[in-house]
Amino acid sequence: MASLSLRNIQKYYQPGNVHVVKGFNLEIQDGEFIVFVGPSGCGKSTTLRMIAGLEDISSGELYIDDELVNDVDSGKRHISMVFQSYALYPHMSVYDNMSFALKIQKVPKAEIEKRIAPVAELLGLTPFLKRKPKALSGGQRQRVALGRAIVRDDTKVLLMDEPLSNLDAKLRVQMRSEIIKLHQRIQTTIIYVTHDQIEAMTMADRIVIMYQGITQQVGTPKQVYDYPENLFVASFIGTPGMNFIDGTIDSEGFFHIDKNISLKLEDKQFELIKQRGYIDQEVTLGIRPEDVILTNEKKPNTLAVEVDIAELLGAEYNIIFNLKEKALISKCKASIDLKAHQKILLNFDMKKAHIFDPKTTTRIYQKEIN
């Protein structure tokens, strides 16, 4: 296990001096499970490869257990990596794939067997040790790749680059659980890259959200979900994503969508908005679909809308409706049948609402309201 420190890490690609990772800073504690998440091209895999030593660091400092490793060869960083494509040798058995690095290190045969057996048992691979990769399912191949990474006793950090993206949806869920259990047992520092925010939310101790080479927010899954620091994080984290509505806030604390539609802010929200000088200024209100609640009674912050689409997901609906010509979503239990063009009442839970500056995209108040 190891701690890591990434200090102002930059990555440029030539030709063109393309800046793909911009001032990346992160302190990773011994035994943490860190997930880098973001859309394709955001710099997450490049950052992982710089940690592994597979990409040069253009500038900045990378420390592993207080040792500066910028110029340390990848093979001497005591890091194991699991790739998206499994990267197994097709002509070798499961046993030989898992033991290959140990043989290269000239580990005695008896010691290799001693290490392989418990790892194979841990990953449910004992019955398949004599099989070739082509005789295994996708999930079994991924477990072999995991086993090959953790069987080395010198591994301080385990890196995973979108390891589940080639699996079907059901198998991805199963493998997520297996990786979580594996981390709980071996307690190795893990850095995991994915574009799937559900993987990030369900697996991470902390999430690093990246966009266009820049770290947008670092926090626990609950922190980034409940307190997104900007519009990108608010839209990227959550399924479905957060609803956004443009409008202005008047001196009485009402958020006006237009002259006929308004919502009342909570007193604490309004005081902070007023202190920061946003009265009568354009702002963006964000509210998650589950905080737009189907109701039967007309009460404050309740709007009458027409159902555009009702997506039945078994136990719940995604209700898509239009407000000021913008499609919004309410997420509610499937307690009644809903159909397109049906008139319904939706209550906006303003205690859960967020207010963003549309120019800077940042949340106007951060941690003052809990």
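Residues numbered from 1 in each chain as written. Predicted model: local features only at pLDDT ≥ 70, side-chain atom pairs only at ≥ 80, totals over all residues. Heavy atoms only, no water.

Student: Is there a simple way to think about the overall build of the chain in this case?
Tutor: The secondary structure content of the chain amounts to nine helices and 20 strands. Seen through its C-alpha atoms, the chain measures out along the principal axes to roughly 80 × 50 × 40 Å. By the burial criterion, 49% of the 370 residues in the chain qualify as buried. In the chain, 66% of the contacts between residues at least 6 apart in sequence involve partners at least 24 apart. Approximately 18,100 Å² of the chain is accessible, and the part contributed by carbon and sulfur atoms is 50%. When the 47 basic and 47 acidic side-chain charges of the chain are each reduced to a single mean position, those positions are 6 Å apart. (Helix = DSSP H or I, 4+ residues; strand = E, 2+ residues; numbered from the N terminus. Buried < 20%, exposed > 50% of the residue type's maximum accessible area, 1.4 Å probe, protein only. Contact = heavy atoms within 4.5 Å. Areas by Shrake-Rupley, 256 points an atom, 1.4 Å probe, with all protein chains shown as cover. Lys, Arg positive; Asp, Glu negative; His and termini not counted. Charge placed at Lys NZ, Arg CZ, Asp CG, Glu CD.)

Student: Hey, could you run me through the nonpolar core in this one?
Tutor: Ranked by internal contacts, the top residues of the largest apolar core, which has 45 residues, are M98, L146, M160, I179, Y192 and I209. The greatest single-element share of this core, amounting to five residues, is contributed by helix α4 (residues 138-150). When neighbours within four sequence positions are excluded, Y192 is seen to be in contact with F33, I34, V35, F36, M160, P163, L164, I179, E199 and M203. (Core = buried A, V, L, I, M, F, W, Y, C linked by side-chain atoms within 4.5 Å.)

Student: Would you take a moment to explain the environment of F100 for this structure?
Tutor: Looking at where F100 falls in the secondary structure, it is placed in helix α2 (residues 94-104). Taking the relative accessible area as the measure of exposure, F100 reaches 29% and is therefore partly exposed. On a C-alpha basis, the gap between F100 and D71 in space is 26 Å, while along the polypeptide they are 29 residues apart.

Student: Explanation requested: the packing of α4 against helix α5 (residues 169-186) in the structure shown.
Tutor: Angle between the axes and distance between the axes are the two parameters that describe a pair of packed helices. At a closest axis distance of 11 Å, the pairing of α4 and α5 adopts a crossing angle of 20°. If you check the angle between α4 and α5, you find them roughly parallel. Crossing of α4 against α5: the hand is right-handed. Along the contact surface, α4 presents G138, G139, Q142, R143, L146 and I150, while α5 presents L171, Q174, M175, E178, I179, L182 and I186. When grouped by side-chain class, the residues that make up the contact of α4 with α5 number seven nonpolar, four polar and two charged. (Axes fitted to C-alpha atoms, helices over the stretch in contact; angles between N-to-C directions. Parallel < 35°, antiparallel > 145°, perpendicular 65-115°, else oblique. Left-handed = near helix turned anticlockwise from the far one by under 90°. Nonpolar A, V, L, I, M, F, W, Y, C, P; charged D, E, K, R; others polar.)

Student: I tried to follow the packing of aromatic side chains on my own but got confused; where do I start?
Tutor: Between two aromatic rings, the relevant description is the distance of the centres plus the angle of the planes. Counting across every chain of the model gives six aromatic pairs. Between F24 and F36, the aromatic rings sit 5.5 Å apart at their centres with planes inclined by 65°, giving edge-to-face as the arrangement. Separated by 12 residues along the polypeptide, F24 in strand β2 (residues 18-28) and F36 in strand β3 (residues 33-37) bring together distant segments of the chain. Take F24 and F36: they sit in the same class, and that class is buried. For the pair F232 and F236, a centre-to-centre distance of 5.4 Å together with 20° between the ring planes defines the contact as stacked. One end of the pair is F232 and the other is F236, both in helix α8 (residues 231-236) and four residues apart, which spans about a single turn. Taken individually, F232 and F236 each receive the classification buried, so the pair is uniform in this respect. An aromatic cluster of three or more residues is present, and its members are Y211, F232 and F236. Directly above the aromatic system of F254 lies the positively charged group of K264, at a separation of 5.5 Å from the ring centroid. The ring of Y225 carries the charged tip of R288 above its face, separated from the ring centre by 3.9 Å. (Phe/Tyr/Trp six-rings, centres within 6.5 Å; stacked < 30°, edge-to-face > 60°. Lys NZ or Arg CZ within 6 Å of the ring centre and 35° of its normal.)

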